[in-house]
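Coordinate inspection notes
Next come the chains, spelled out residue by residue.
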Amino acid sequence: LFLSGVGVTLIVAITGTLAGFLLGLLVAILRTIPTSPKDPAVKRVPLKILSWLLGVYIEVFRGTPMIVQAMVIYYGGMTVGVRLPVLTAAILIVSVNTGAYMAEIIRGGLMAVDGGQMEAGRSLGLNYFDTMRFIVIPQAIKAILPALGNEFIILLKDTSLITVIGGKELLHAAQGIMGRTYEAMFPLIGIACMYLVLVMIFTWLLGK
């Protein structure tokens, strides 16, 4: 049960982090597209609306607990006839939650890169997205890598929250053992040690 729980925990944490990073990167890039009063309204207004909508997404998912988000997405979907597999729902929940946090981490990294880098890329004939892809983003990622690593470590531990929708991760395994043996302390200490070992391993890898 413990080994099965570790497997689900790692699948949800790693897949959710990668998907959340891609989502956060997209949101950060879209929120940093520059506009000026000289731009035509057909460009300026949609970008402002999009930036506002993305800001709402970030505030909602950073301002509410993930355990509540999990229940709303999973059980709320069931009320409208959409029943997702538990593992799929868990990955979706983790992805959209961590995407909101990573969007702000990445946006901070993008804004920290000197503006002259963007100007240099544009002066060489690159469009906005190519300049971001080849010049700005690589520099920003180096600066924010420790923060991204910390977010992954937090997410690895937060996967225990998906047990509320039936996710068969480590906490679910401990609860199953508790139900069979009527002994709570040893299973809980066991999964605490497993989380600690996993965090230590990934912390070491991120340091490398």
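Look a little higher up for the structure.
All values reported here derive from a predicted model rather than from experimental measurement.

Take helix α5 (residues 115-123) next. By the N-cap criterion, in which a side-chain oxygen at the helix start approaches the backbone nitrogen of a residue two or three places on, α5 is capped by D114, the distance to G116 being 2.8 Å. One or two residues past the end of α5 sits G125, with phi positive at roughly 100°.

A word on unusual backbone geometry. One non-glycine residue, Y182, lies in positive phi territory at about 60°. Following the sequence through the fold, Y182 ends up in the loop between α7 (170-181) and α8 (185-207). On the basis of relative accessible area, Y182 is assigned to the exposed category, the value being 75%.

On the surface, V45, I49, W52, L53, V56 and V60 cluster together to form a nonpolar patch covering roughly 560 Å² of accessible area. Structurally, I49 is set in helix α2 (residues 41-63). Look at I49 and you get partly exposed, because its relative accessible area is 46%.

Here the focus is the packing of α7 against α8. Look at α7 against α8: their axes get within 9 Å of each other, and the N-to-C directions meet at 160°. The angle between the axes of α7 and α8 places the two elements in the roughly antiparallel class. Between α7 and α8 the crossing geometry is right-handed. Between α7 and α8, the residues in contact are L170, L171, A174, I177 and M178 and P187, L188, I191, M194 and Y195, respectively. Looking at the contact of α7 with α8 residue by residue, the classes come out as ten nonpolar, no polar and no charged.

The tally for this structure, following the rule as stated, stands at three salt bridges. Its salt-bridge partner being E59, residue R62 comes within 3.8 Å of it at the nearest N-O pair. Of this pair, R62 and E59 are both found in helix α2, three residues apart, which corresponds to roughly one turn of the helix. In this structure, R107 and E104 form a salt bridge, with 3.2 Å as the shortest nitrogen-oxygen distance. With R107 and E104 both in helix α4 (residues 86-112), this residue pair falls three residues apart, about one helical turn. Look at the salt bridges and you will find they share partners, linking R31, E104 and R107 into a network.

Counting residues in each nonpolar core, the largest one holds 18 residues, and the members touching the most others are I29, I106, L110, Y128, M132, V136 and I137. Contributions of two or more residues to this core are made by α1 (2-31), α4 and α6 (128-158). Sort the elements by how many residues they give to this core and α6 lands first, with eight residues. Setting aside chain neighbours within four positions, we find I29 in contact with L110, Y128, F129, M132 and I137.

What counts, and where the lines are drawn
- Residues numbered from 1 in each chain as written.
- Predicted model: local features only at pLDDT ≥ 70, side-chain atom pairs only at ≥ 80, totals over all residues.
- Heavy atoms only, no water.
- Polar contact = N/O pair within 3.5 Å; in protein donor to acceptor, adjacent residues only side chain to side chain.
- Helix = DSSP H or I, 4+ residues; strand = E, 2+ residues; numbered from the N terminus.
- Buried < 20%, exposed > 50% of the residue type's maximum accessible area, 1.4 Å probe, protein only.
- Patch = residues over 30% accessible without salt bridge, like charges linked within 9 Å, V, L, I, M, F, W, Y side chains within 5 Å.
- Areas by Shrake-Rupley, 256 points an atom, 1.4 Å probe, with all protein chains shown as cover.
- Salt bridge = Lys/Arg side-chain N within 4 Å of Asp/Glu carboxyl O.
- Axes fitted to C-alpha atoms, helices over the stretch in contact; angles between N-to-C directions.
- Parallel < 35°, antiparallel > 145°, perpendicular 65-115°, else oblique.
- Left-handed = near helix turned anticlockwise from the far one by under 90°.
- Contact = heavy atoms within 4.5 Å.
- Nonpolar A, V, L, I, M, F, W, Y, C, P; charged D, E, K, R; others polar.
- Core = buried A, V, L, I, M, F, W, Y, C linked by side-chain atoms within 4.5 Å.

Geometric descriptors of this kind do not, in isolation, establish any biological role.
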